[in-house]
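Fold and contact review
Okay, here's what each chain looks like letter by letter:
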Amino acid sequence: MSLVFSAIVPHPPILIPSIGKGNLEQITKTKEALASLERDLYASKPDILIIISPHGQLNHDHFTINLSDNFEINFEAFGDFATKIKVGGDIPLMTNDRERISSKSPINIISESKLDHGVGIPFYSLGQNIPDIKIIPIYFSMLDNQSHLEFGKNLKEIILNTDKRIAVIASGDLSHCLTENAPVKFNPAGKKFDENLIELLKNGDSQGVVNIDKKLIENAAECGLKSIIILLGTLNNINFKTKILNYEAPFGVGYLVANMELE
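Below: a short report on this structure. The model shown is predicted, which means the values in this text are computed figures rather than measured ones. (Residues numbered from 1 in each chain as written. Predicted model: local features only at pLDDT ≥ 70, side-chain atom pairs only at ≥ 80, totals over all residues. Heavy atoms only, no water.)

**Some details on the side chain of serine 53**
Definition in use: Put simply, DSSP marks the helices as runs of H or I at least four residues long and the strands as runs of E at least two long, and each gets a number from the N terminus on. Partly exposed residues are those whose accessible area sits between 20% and 50% of the maximum for their type, while under 20% is buried and over 50% is exposed, using a 1.4 Å probe and protein chains only. N or O atoms closer than or at 3.5 Å make up a polar contact, with two conditions inside protein: a donor-capable atom paired with an acceptor-capable one, and, for residues adjacent in sequence, both atoms drawn from side chains. Any two residues whose heavy atoms approach within 4.5 Å at even a single point are treated as in contact.
Structurally, serine 53 is set in strand 2 (residues 48-53). For serine 53, a relative accessible area of 0% gives the class buried. Reaching out from serine 53, the side chain makes a polar contact with the backbone nitrogen of histidine 55 at a distance of 3.0 Å. Residues in contact with serine 53, not counting those within four places in the same chain, are Asp116, Gly118, Val119, Ile138, Tyr139, Phe140, Ser171 and Ser227.

Okay, structure coming up:
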């Protein structure tokens, strides 16, 4: 099997010490969970890390795959002008099998070397110490949830058709309206959404995740669900167990760290 690792991670910029500063103490458990995940990812010896982000180029009716020989990660948008990471990309994996995936899911290929924080934070937290690792950023669309699951299944065909060792990371935060001081106005739907999603993930109920009530999703003001659904598609018919490493929401945004352990 070419899929060697899969996980769900949040992407708060405060994980960067120069940005988070004193706030880092409030997400100690998230940092510890990510450190544990980093060790597991390193041990899986991936050649390519696919990171699914909600914050890259969004195409309404196409999924976007970002292919470049080289990428640059920085966090200047958040006031950090010192942290700069360069990482190689992998063009052949997707281009060699482009017909396989484009015949089943609408895709848009771009080449954008500067990466968004939805890719940058997970790579900073998990991937930067892996020798010779290459990445492929993928961005979801505005199509329905079922289309995202099918896209993930199509990605799985490409992953299983290569001799490369592939890791897949779903980057995304959960509800943004969990407390009165949250980025989005408080809504009790946020807590209900997060609890419902985590329970479905624990039960391995991918279709249940796809079928979460649309109004509940909207009211929760989340940004990670479609990333997670694509990941679940790549795990279709593969034995895995969801290990919740941590969930917390100290700033009114749900941060979930989960290892989708392959069995």
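Here the narrative resumes.
**Some details on helix 5 (residues 117-127)**
By the criterion of burial, helix 5 is predominantly enclosed, with 10 of the 11 residues buried. Among the residues of helix 5, His117, Gly118, Val119, Gly120, Ile121, Pro122, Phe123, Ser125, Leu126 and Gly127 are the ones counted as buried. Put simply, aspartate 116 is the residue that caps the front of helix 5, since its side-chain oxygen is 2.8 Å from the backbone nitrogen of glycine 118.

**Things to note about the side chain of aspartate 80**
Applicable threshold: Neither His nor the chain termini are counted; the positive set is Lys and Arg, and the negative set is Asp and Glu. The rule for a salt bridge is simple: a side-chain nitrogen of Lys or Arg has to be within 4 Å of a carboxyl oxygen of Asp or Glu.
Relative to the helices and strands, aspartate 80 is located in strand 5 (residues 80-89). Here aspartate 80 occupies a buried position and makes no salt bridge, while the nearest side chain of opposite charge, lysine 84, is found at 7.5 Å. Apart from the residues within four sequence positions on either side, aspartate 80 is in contact with Ile16, Ser18, Ile19 and Phe75.

**Some remarks on the packing of helix 6 (residues 145-160) against helix 10 (residues 225-234)**
Selection criterion: Every angle, taken between N-to-C directions, lies between 0 and 180 degrees, and every axis is a line fitted to C-alpha atoms, over only the stretch in contact when it is a helix. Oblique is the label for every angle not falling under 35 degrees (roughly parallel), over 145 degrees (roughly antiparallel), or within 65 to 115 degrees (roughly perpendicular). If you view the pair so one helix is near and one far, a crossing is left-handed when the near helix is turned anticlockwise from the far one by less than a right angle, and right-handed when it is turned clockwise. Polar here means any residue other than Ala, Val, Leu, Ile, Met, Phe, Trp, Tyr, Cys and Pro, which are nonpolar, and Asp, Glu, Lys and Arg, which are charged; Gly is therefore polar.
Close contact between helix 6 and helix 10 brings their axes to 6 Å; oriented N to C, the two are set at 45°. Comparing their axes, helix 10 and helix 6 come out oblique. When the axes of helix 6 and helix 10 are compared, the crossing they make is right-handed. Together, Asn145, His148, Leu149, Phe151, Gly152, Lys153, Leu155, Lys156 and Ile159 of helix 6 and Leu225, Lys226, Ile229, Ile230, Leu232, Gly233 and Thr234 of helix 10 make up the contact between the two elements. A class-by-class count of the residues in the contact of helix 6 with helix 10 yields eight nonpolar, five polar and three charged.

Read these as layout, nothing more, since geometry by itself doesn't imply function.
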